[in-house]
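Remarks on the overall topology
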Amino acid sequence: MGLDKTRSPRERAETPLTAAILAGRWIRTAARDDAAGRTWAANPDARGRSALAAPEPASLYAGAAGIVLFFLELAAATGHEAYLEDAAAGARRLAATWREQQDLTLYHGLTGTVVALAEAGWALGDERLESAARAAAEHVVRSARPLPGGPGWTGDPAQRGDGGIVLGLLRAAAALGVPGHEEIAVEAGERIAGLAVPGHRFGDCPDLPTDAVTPGFLAGTAGTAFLLARLYGLTGEPRFLEAANRGAGFVREVSVLSERCALVPHHVPQGRGLHYLGFCSGSAGVARMFQELHRVTGERGHLEWVERLAGGIVRSGVPERRTPGFWNTACQCCGSAGLLELFTGLWAETGDETYLGYARRLARHLIGAATDHDGRGFRWYQAYRRLRPGEVSADTGYMVGAAGIGSALLHLDAALRPRDARRVILLPDNPFPSIPVPAAHLTDPGPR
């Protein structure tokens, strides 16, 4: 499948798939090759700089690991082997350089590299990449240190810290066939389960008061409760479910309810009126916790909370309307792409056409917000930091830029093609079906 060169760039971008192809075109302009393989500049624009204060050339969040995953998905969606070559070049460099990474976390460090190498090794049939993934995962395991209550790495139970590492090791154990990785992950999870209210430590986030507590996903209670629910589903141990329910109970207690809608404060007690809607600290991420609890328990009440959070997003008027918790941002972390992941997942989980309709609406907005002023492909300019609205930039990475936006669009494309259903690559903290199509649509024998 190729681009129709007889049509204008805007017309060519009418579908999620074509928009993702154009995002891949721009990311390719950022490629930097050396003897070890390929990496990508965070922002290849002339005089462009990344939204991040410090570079993360290898990370899942903003670097090569996330871009490798995007090109694997683009190859699967289009059938073009050239995209596999892009992914392979990036994966080779990750395999050659993983020992240089000091950070061990999922989104910003080595555990994310493990996930990318395992996916690339499987998709490419390259045992060398899988061997590198095993070696890197073993290094993460050996790096655990004794902490009060059990082993850990950073001491932070949230997804940005030990919680993300545990999820990455669980993925590695399954993908690479190494049961020992699961064992250390469960041990570390037991330490986290012993916390009174699992989640964010007091006052260690920039720009927050020292006594603030965050109920959100990446750096807060919801992400930690998600992990504990995942461990309950794996082990059946009641202590994990009890701890997950404590976290979920805290989130429910601080949330704002209106009819069948819910909003979650960014932090308490000071920020009760600031409601982020995105993945990192808002509704789209918190919904994942309740979805995971529903998945492992079957309790309808948890799914109702997912639906309440989705309803709060819809009622807010986004993406066309900006709110204090949904500003000029398009990325997976805090913007429209993170919402698109939620509503595509909800469509796959429930078969409710209203969720698919809203996902289409989000995709139209993302495509309309893309820029291709120089014919080099789609990028998205955004103010990544809410408190610095004048700092506008475009990034290539997964959680902060075009790779993640393109991946979200590819997930919607897969959802729109039930006759050609394909597995998409979901990160370890995504609880929705990896084939994003309701089961009834997969088996429906109706006409094409």
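Looking at an unreviewed UniProt entry, one finds the protein named Lanthionine synthetase LanC family protein and attributed to Nonomuraea bangladeshensis.

The subject of this paragraph is unusual backbone geometry. The linkage connecting Val268 with the following residue, Pro269, adopts the cis geometry, with an omega of 5°. Of note, Pro269 is situated in the loop between strand 6 (261-263) and helix 11 (283-297). Here the bond from Val318 into Pro319 is cis, since omega is 15°, no more than 30 degrees from zero. In this structure, Pro319 sits in the loop between helix 12 (300-315) and helix 13 (336-350). A positive phi angle, near 55°, is found at Glu259, a position not held by glycine.

All right, on to the pattern of salt bridges then. Inspection of the entire model under this criterion finds 27 salt bridges. For Arg376, the salt bridge is made with Asp374, and the minimal N-O distance between the two is 3.7 Å. Accessibility expressed as a relative area gives 28% for Arg376, which makes it partly exposed. The class of Asp374 is partly exposed, set by a relative accessible area of 35%. Across the pair Arg422 and Asp413 runs a salt bridge whose closest N-O atoms are separated by 3.0 Å. The two residues Arg422 and Asp413 agree in class, both being buried.

About the criteria used
- Residues numbered from 1 in each chain as written.
- Predicted model: local features only at pLDDT ≥ 70, side-chain atom pairs only at ≥ 80, totals over all residues.
- Heavy atoms only, no water.
- Helix = DSSP H or I, 4+ residues; strand = E, 2+ residues; numbered from the N terminus.
- Salt bridge = Lys/Arg side-chain N within 4 Å of Asp/Glu carboxyl O.
- Buried < 20%, exposed > 50% of the residue type's maximum accessible area, 1.4 Å probe, protein only.

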